[in-house]
Amino acid sequence: MISIWFVFVLFAAIILFYINKLTDSLCIQKEIPEDKHAKIFRTINILVTILLISSFVEILYT
């Protein structure tokens, strides 16, 4: 049980890192103003976290 938890948390951290990296590239490419970056990052991080949590719950109870 702990190994599944550890692997999933590591996987989730890697996914969040790359999503943030891609979001930064998007903001730079689309020339989005700096004052909107925080809102974009917060929204994307919340949505990805919800997806990761729901995936973990699905794996846990399957």
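1. So, the overall build of the chain
Scanning the chain from N- to C-terminus turns up two helices and zero strands. Taken over C-alpha atoms, the radius of gyration comes to 14 Å for the chain, far larger than the 11 Å a tight globule of 62 residues would show. C-alpha extents for the chain along the principal axes are approximately 45 × 15 × 15 Å. Total accessible area on the chain is roughly 5,200 Å²; 72% of this is exposed by carbon and sulfur atoms. Computing the positive centroid from 5 side-chain charges and the negative centroid from 5, the chain places the two 3 Å apart.

2. Section: the packing of aromatic side chains
Per the stated rule, a full pass over the model turns up four aromatic pairs. Between the aromatic rings of Phe-8 and Phe-56, the centroid separation amounts to 5.0 Å while the plane-to-plane angle is 45°, which identifies the pairing as tilted. Taken together, the residues span a long stretch of sequence, with Phe-8 in helix α1 (residues 2-29) and Phe-56 in helix α2 (residues 34-60) at a distance of 48 residues. Overall, Phe-56 belongs to the buried group, its relative accessible area being 13%. With 5.3 Å between their ring centres and 75° between their planes, Phe-17 and Tyr-18 make a pair best called edge-to-face. Members of the aromatic cluster, each reached through a chain of ring pairs, are Trp-5, Phe-8, Phe-11 and Phe-56.

3. Focus on the UniProt feature "transmembrane region" (unreviewed entry) in the chain
Those residues carrying the UniProt feature "transmembrane region" (unreviewed entry) are residues 6-23 and 44-61 in this numbering. Here residues 6-23 is 100% helix and 0% strand, with 26 Å between the C-alpha atoms at its ends. End C-alpha atoms of residues 44-61 are separated by 26 Å, and the span's content is 94% helix alongside 0% strand.

4. A look at α2
Helix length check: α2, at 27 residues, gives a terminal C-alpha distance of 39 Å against a target of 39 Å (1.5 Å per residue), a fit within 8%. Those residues of α2 that fall on the buried side of the exposure criterion are His-37, Val-48, Leu-52 and Phe-56.

5. Description of unusual backbone geometry
The backbone of Glu-31 sits at a positive phi, close to 55°, despite the residue not being glycine. Residue Glu-31 is classed as exposed on the basis of its relative accessible area, which comes to 68%.

6. Overview of a nonpolar patch on the surface
Together, Phe-6, Val-7, Leu-10, Ile-14, Phe-17 and Tyr-18 make up a nonpolar patch on the protein surface, roughly 640 Å² of accessible area in all. Along the polypeptide, Leu-10 turns up in helix α1. Leu-10 sits in the partly exposed class, given a relative accessible area of 46%.

What counts as what
- Residues numbered from 1 in each chain as written.
- Predicted model: local features only at pLDDT ≥ 70, side-chain atom pairs only at ≥ 80, totals over all residues.
- Heavy atoms only, no water.
- Helix = DSSP H or I, 4+ residues; strand = E, 2+ residues; numbered from the N terminus.
- Rg over C-alpha atoms; globule rule 2.2 N^0.38 Å.
- Areas by Shrake-Rupley, 256 points an atom, 1.4 Å probe, with all protein chains shown as cover.
- Lys, Arg positive; Asp, Glu negative; His and termini not counted.
- Charge placed at Lys NZ, Arg CZ, Asp CG, Glu CD.
- Phe/Tyr/Trp six-rings, centres within 6.5 Å; stacked < 30°, edge-to-face > 60°.
- Buried < 20%, exposed > 50% of the residue type's maximum accessible area, 1.4 Å probe, protein only.
- UniProt positions renumbered as here; feature names shortened; annotations may be inferred.
- Expected span 1.5 Å × (residues − 1).
- Patch = residues over 30% accessible without salt bridge, like charges linked within 9 Å, V, L, I, M, F, W, Y side chains within 5 Å.
- Salt bridge = Lys/Arg side-chain N within 4 Å of Asp/Glu carboxyl O.

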